[in-house]
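# Survey of secondary and tertiary structure
Take a look at the letters that make up each chain.
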Amino acid sequence: MRPRVVLIAAAAAASLAAAGCGEQRGAATRTVPVPLGPVATTDARAVAIAHVSLVDYALEGSDPRVPRAGLVAFEATNDGLVRHALAVDGPAGQVRTPTLSPGERATIAVQLPPGTYKWYCPLGDHERRGMVGRVRVAE
């Protein structure tokens with residue numbers, strides 16, 4: 001019986017390898033994260049929702065304009081290949097998402113009066129590499 005178990009395990013391993021379970025990172029192959037299910041409900045008091053895609057190494061949607069001051073929700077999705085987070089420097093200090101693995105999403109809410117605020121990826125040198133932008137509120 002034991003040889004059959006080994007044979008089944010070997011066949012399963014060969015099947016997985018043939019199916020492409022590994023990741024190939026070359027010019028011809030790119031890993032695309034699969035989106036998660038529905039986002040957790042945003043605070044109903046939010047005056048606006050700013051969506052941002054965190055990619056390697058940029059914020060897509062990097063300079064949004066929010067028409068009214070108040071509670072602003074920031075929905076960040078990591079569409080990159082490495083871990084990222086989103087931080088917003090508001091009047092009460094930094095508010096940030098947890099660190100997001102590729103494909104993960106998080107929402108934070110920040111009370112923002114009229115003005116311009118910085119948002120960025122606070123991990124490693126990501127901000128210096130281009131993951132930075134501004135949010136204009138009621139301007």
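What you are looking at is a predicted structure, and each value in this text was computed from that prediction instead of being measured. (Residues numbered from 1 in each chain as written. Predicted model: local features only at pLDDT ≥ 70, side-chain atom pairs only at ≥ 80, totals over all residues. Heavy atoms only, no water.)

## Comments concerning the packing of aromatic side chains
Using the following cut-off: Planes of paired rings set the category: under 30 degrees apart is stacked, over 60 is edge-to-face and the rest tilted, where pairs are Phe, Tyr or Trp rings (Trp by its six-membered ring) whose centres lie within 6.5 Å. In our convention, an over-ring charge means Lys NZ or Arg CZ found within 6 Å of a ring centre and within 35 degrees of that ring's normal.
Scanning all chains against the criterion turns up one aromatic pair. Just above the ring of Tyr120 sits the side chain of Lys118; from NZ or CZ to the centre is 4.6 Å. Sitting over the ring of Tyr57, Arg129 keeps its end group 3.7 Å from the ring centre.

## Some points on the nonpolar core
Stated precisely, the cut-off is as follows: We define the nonpolar core as a collection of buried residues of types Ala, Val, Leu, Ile, Met, Phe, Trp, Tyr and Cys that are connected through side-chain atoms lying within 4.5 Å of one another. Burial status follows relative accessibility: with a 1.4 Å probe on protein chains alone, a residue under 20% of its type maximum counts as buried, one over 50% as exposed, and anything between as partly exposed. Runs of E in the DSSP output that reach at least two residues are strands. Runs of H or I that reach at least four are helices, and both are numbered from the N terminus. Any pair of residues with heavy atoms lying within 4.5 Å of one another is described as a contacting pair.
One finds Val52, Leu54, Phe74, Leu86, Leu112 and Trp119 to be the most contacted residues of the largest nonpolar core, which totals 24 residues. Sorting the residues of this core by element identifies strand 1 (48-55), strand 4 (70-78), strand 7 (105-112), strand 8 (115-120) and strand 9 (132-137) as the ones contributing at least two each. Residues within four places of Leu86 in sequence aside, it is in contact with Val52, Leu54, Phe74, Ala76, Val95, Arg96, Thr97, Ile108, Trp119, Tyr120 and Pro122.

## Here we look at the side chain of Arg136
Filter applied, for reference: Positive charge is attributed to Lys and Arg, negative charge to Asp and Glu, and no charge count is given to His or to the chain ends. Whenever Lys or Arg places a side-chain nitrogen within 4 Å of a carboxyl oxygen from Asp or Glu, that contact is recorded as a salt bridge.
One can find Arg136 in strand 9. No salt bridge forms around the buried Arg136; measuring N to O, its nearest opposite-charge neighbour Glu139 is 4.0 Å away. When sequence neighbours within four positions are dropped, the list of residues in contact with Arg136 reads Pro64, Arg65, Val66, Gly115 and Thr116.

## A look at the environment of Gly70
By the element assignment, Gly70 lies in strand 4. Spatially, the C-alpha atoms of Gly70 and Ala109 are 9.9 Å apart, while their sequence positions differ by 39 residues. Once residues within four sequence positions are removed from consideration, Gly70 is found in contact with Val47, Val110, Gln111 and Leu112.

## Remarks on the sheet that holds strand 4
Our working definition: DSSP calls a pair of strands paired once it identifies at least 2 bridges connecting them. Inter-axis angles, ranging from 0 to 180 degrees, are taken between N-to-C directions of lines fitted to C-alpha atoms, where helices are fitted over the stretch in contact.
Here four strands make up an open sheet; going across it, the order is 2-1-4-7 and the pairing mixed. Each edge of the open sheet is held by one strand with a lone partner, namely strand 2 (58-60) and strand 7. Averaged over neighbouring strand pairs, the angle between their axes works out to 30° when direction is ignored. Here three bridges tie strand 1 to strand 2, and the two strands are oriented antiparallel to one another. Pairing of Ser53 across the sheet is with Glu60, part of strand 2.

## Description of the pairing of strand 7
Covered by surrounding structure in strand 7 are Ala106, Ile108, Val110 and Leu112 only, the residues Arg105, Thr107, Ala109 and Gln111 on the alternate face being uncovered. Pairing of strand 4 with strand 7 involves eight bridges; the strand directions are antiparallel. Looking at strand 7, one finds that Glu75 is bridged to Thr107.

## Describing the confidence of the model for the protein
In plain terms, the rule: Confidence of the predictor in every single residue is expressed as pLDDT, which spans 0 to 100.
Across the protein, pLDDT averages 77, with 68% of residues at or above 70. For the stretch residues 1-41, pLDDT sits under 50, and the model shows 20 contacts to residues farther than four places along the chain or on other chains.

## Some thoughts on unusual backbone geometry
Going from Asp56 to Tyr57, the amide bond is cis rather than trans, its omega being 5°. Residue position: Tyr57 is located in the loop between strand 1 and strand 2.

## Section: the sheet that holds strand 3 (residues 65-66)
Taken in spatial order, the five strands of this open sheet run 3-9-8-5-6, and their pairing is mixed. Unpaired on one side and paired on the other, strand 3 and strand 6 (93-96) mark the two borders of the sheet. Note that strand 3 and strand 9 share two bridges and pair parallel. Looking across to strand 9, one finds that Val66 is bridged to Val137.

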